[in-house]
Every structure is written in structure tokens, then in C-alpha cells.
Amino acid sequence: NAGVMQNPRHLVRRRGQEARLRCSPMKGHSHVYWYRQLPEEGLKFMVYLQKENIIDESGMPKERFSAEFPKEGPSILRIQQVVRGDSAAYFCASSWPSGANVLTFGAGSRLTVL
Amino acid sequence: GEDVEQSLFLSVREGDSSVINCTYTDSSSTYLYWYKQEPGAGLQLLTYIFSNMDMKQDQRLTVLLNKKDKHLSLRIADTQTGDSAIYFCAESIKNSGNTPLVFGKGTRLSVIA
């Protein structure tokens, strides 16, 4: 079991470009979460998805950010027209339906905006 | 509202016990968690406790929950240099469905040899 796989691990973009971050959940997990970690900050929840459905996007910025989890393939977090303030580590986690809701995290994708 | 607070830094000597504290505000929290993050890595689950428990022990780790004071602690016995990391407290506030976890800012544990 390869765990939660995120790629790319590091991504550099210039202001105004697009960033696409991918996450493959653990085998058997049907729930995916995206979190953002700014330097010296904790993890801030962004969005929670199940296959083909966005369940909770209360933490997503209203503009430029979108997420999907298609029937086939990984979950994608897309940031359009990136700005320097988007520089952060973006973590994906997955879980399967259970009372304890234990999240398994990927190693993260570190976005740097020049 | 949901808010999880932790002190930012803790420094201990190798072999001593470490105690990392956390307070949360939502009294409807059902599960509380401790995660560990090593440099450049993702978060690794250490342990979790259901809100109707007072204590949970797992090898060198002891979790204490004071639900009345909304206080959670993680004790690491015989702390080793490999325990140096950031420790995050998190809560899950709903009893049904896989709701997102709310994390504190993390406590950076430094172990001095």
C-alpha cells in the first residue's frame, strides 16, 4: 500500500501562472481532504471531497481555487493566476468511512510563487 | 466556533518526559488527535482518543483528556532525539460523517542530547 501520493512534491510558478496539484488517496479510501500550511502556521482546511462530489469547501478561497475528485484518477487542486501569497505547502489526506475519521496524509506539495 | 490552541515551542533533555498541551473550544468534539510532522514531511497520526475517555496509553505515549476544561495533553516518556518534530493537536467535531479535522498551529519539540 503506497499510502497517499502527492505530486509534484515541489512546484515553482511565476505570478499569474496556474498550479495543479494532484493527490491519489490510499487504496480503499473514498474521502479526500486538502489542507494548506503556511510557514510557521498550522494546517488550514480547504476542501473535502468524495468521488465526483464536493462535500465541504468552506475553507476554499472564493476566487482562483478549485478542486475536483473525478470518478477515475487523482484529486486535483487547481490554483489559477497564482500570487506570492499562495506560496505554501498543500497537503492532501484521505480516509474511509469510520467513526474515528482517521486521516492519512501525503507528504505534501510545496508551491513557490516567484 | 472551532479553535485549537497549543504552545508553540517545547525543549526537553533526552531521557526526560515531554508534555505537550492543547486546549480546544468546541464542547461537541467527539475525537481528539495527535499528529507528528517531521521536517519536509506530511503529518503522521500518533494516537487519538474518543471524547468519553479520560486517558489512553500506547507504549511511550500517554494522552490525557479533561473534557470539563477542554484540555488535551500528550506525554512522551523517555524522550529521544528522534522525537524532535512538530506535534499537532486536532479535533473532529461531528459524530456523523467524515468531517474535516481542525488543527492547532503545532508545538515544536526540541530534544537536547
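Residues numbered from 1 in each chain as written. Chains lettered and ligands numbered in written order. Predicted model: local features only at pLDDT ≥ 70, side-chain atom pairs only at ≥ 80, totals over all residues. Heavy atoms only, no water.

Describing unusual backbone geometry
All names here are of chain A.
Alright, step 1. Here the bond from N7 into P8 is cis, since omega is -5°, no more than 30 degrees from zero.
Alright, step 2. Assignment of secondary structure puts P8 in the loop between β1 (5-7) and β2 (10-13).
Alright, step 3. Phi at Q81 is positive, roughly 45°, even though this residue is not glycine.
Alright, step 4. Inspection of the secondary structure assignment puts Q81 in the loop between β8 (75-79) and β9 (88-95). (Helix = DSSP H or I, 4+ residues; strand = E, 2+ residues; numbered from the N terminus.)

Some thoughts on the pattern of salt bridges
All names here are of chain A.
Alright, step 1. On inspection of all chains with the given rule, the structure shows six salt bridges over all chains.
Alright, step 2. A salt bridge links R20 to E18; the shortest N-O distance between them is 2.8 Å.
Alright, step 3. The partner of D86 in a salt bridge is R64, with the nearest N and O atoms 2.7 Å apart. Of this pair, D86 sits in the loop between β8 and β9 while R64 sits in the loop between β6 (53-56) and β7 (65-68), and the two are 22 residues apart along the sequence.
Alright, step 4. On the accessibility criterion, R64 (25% relative accessible area) is partly exposed. (Salt bridge = Lys/Arg side-chain N within 4 Å of Asp/Glu carboxyl O. Buried < 20%, exposed > 50% of the residue type's maximum accessible area, 1.4 Å probe, protein only.)

Overview of the state of the cysteines
Alright, step 1. Per the stated rule, a full pass over the model turns up two disulfides over all chains.
Alright, step 2. In this model, C23 of chain A is linked to C92 of chain A through a disulfide, with the two sulfur atoms separated by 1.8 Å. Here the S-S torsion is close to -60°, and the disulfide linking C23 of chain A with C92 of chain A is therefore left-handed. Placement of the pair is C23 of chain A in strand β3 (residues 19-24) and C92 of chain A in strand β9, with a sequence separation of 69 residues. No difference in accessibility class separates C23 of chain A from C92 of chain A, as the two residues are buried.
Alright, step 3. The disulfide bridge from C22 of chain B ends at C89 of chain B, spanning 2.0 Å between sulfur atoms. Across the disulfide from C22 of chain B to C89 of chain B, rotation about the S-S bond amounts to roughly -65°, and the bridge is consequently left-handed. (Disulfide = S-S within 2.5 Å.)

Let's talk about the nonpolar core
For soluble globular proteins, the rule of thumb is that nonpolar side chains tend to be buried together.
All names here are of chain A.
Alright, step 1. Counting 23 residues, the largest nonpolar core has W34, M46, L77 and Y90 as its most contacted members.
Alright, step 2. For this core, the secondary structure elements donating two or more residues are β3, β4 (31-37), β5 (43-50), β7, β8, β9 and β11 (109-113).
Alright, step 3. Beyond its immediate sequence surroundings of up to four residues, L77 is in contact with A19, R20, L21, W34, M46, M60, S66, A67 and Y90. (Core = buried A, V, L, I, M, F, W, Y, C linked by side-chain atoms within 4.5 Å. Contact = heavy atoms within 4.5 Å.)

Here we look at the interface of chain B and chain A
Alright, step 1. If you look at the interface, chain B gives 20 residues, while chain A gives 26 residues.
Alright, step 2. Both faces considered, chain B and chain A share a buried interface measuring about 1800 Å² in area, 52% of it formed by carbon and sulfur atoms.
Alright, step 3. Our count for the contact surface shared by chain B and chain A stands at zero salt bridges.
Alright, step 4. The interface formed by chain B and chain A contains five residue pairs in polar contact (both at pLDDT 80 or more).
Alright, step 5. Mapped onto the side of chain B that touches chain A, the elements with two or more residues apiece are β4 (31-37), β5 (43-50) and β9 (85-92) of chain B.
Alright, step 6. When residues of the side of chain B that touches chain A are assigned to their parent elements, the largest contribution, four residues, is made by β4 of chain B.
Alright, step 7. For the side of chain B that touches chain A, the per-class residue count stands at 11 nonpolar, seven polar and two charged. (Buried area = accessible area lost by both parts, 1.4 Å probe. Polar contact = N/O pair within 3.5 Å; in protein donor to acceptor, adjacent residues only side chain to side chain. Nonpolar A, V, L, I, M, F, W, Y, C, P; charged D, E, K, R; others polar.)

Things to note about the pairing of strand β3 (residues 18-24) of chain B
All names here are of chain B.
Alright, step 1. Burial along β3 is one-sided: S18, I20, C22 and Y24 are buried, while V19, N21 and T23, pointing the other way, are not.
Alright, step 2. As defined by bridge partners, β3 adjoins strand β8 (residues 71-76) across six bridges and the pair is classed as antiparallel. Among the inter-strand pairings, T23 is bridged to a residue of β8, identified as H71. (Pairing = 2+ DSSP bridges.)

Some thoughts on the environment of E91 of chain B
Alright, step 1. Within the secondary structure layout, E91 of chain B lies in strand β9.
Alright, step 2. A sequence separation of 30 residues divides E91 of chain B from L61 of chain B, and the C-alpha atoms of the two residues are 18 Å apart.

Some points on the sheet that holds β1 of chain A
All names here are of chain A.
Alright, step 1. A sheet is described by the order of its strands in space; here four strands give the open sequence β1-β3-β8-β7, paired in antiparallel fashion. Taken across any chain shown, the strands that pair with only one partner, and hence form the sheet edges, are β1 and β7. Averaged over all adjacent pairs, the angle separating strand axes in this sheet is 15°, with direction ignored.
Alright, step 2. Across four bridges, β7 lies against β8 in antiparallel orientation. Paired with F65 across the bridge in β8 is I79. (Axes fitted to C-alpha atoms, helices over the stretch in contact; angles between N-to-C directions.)

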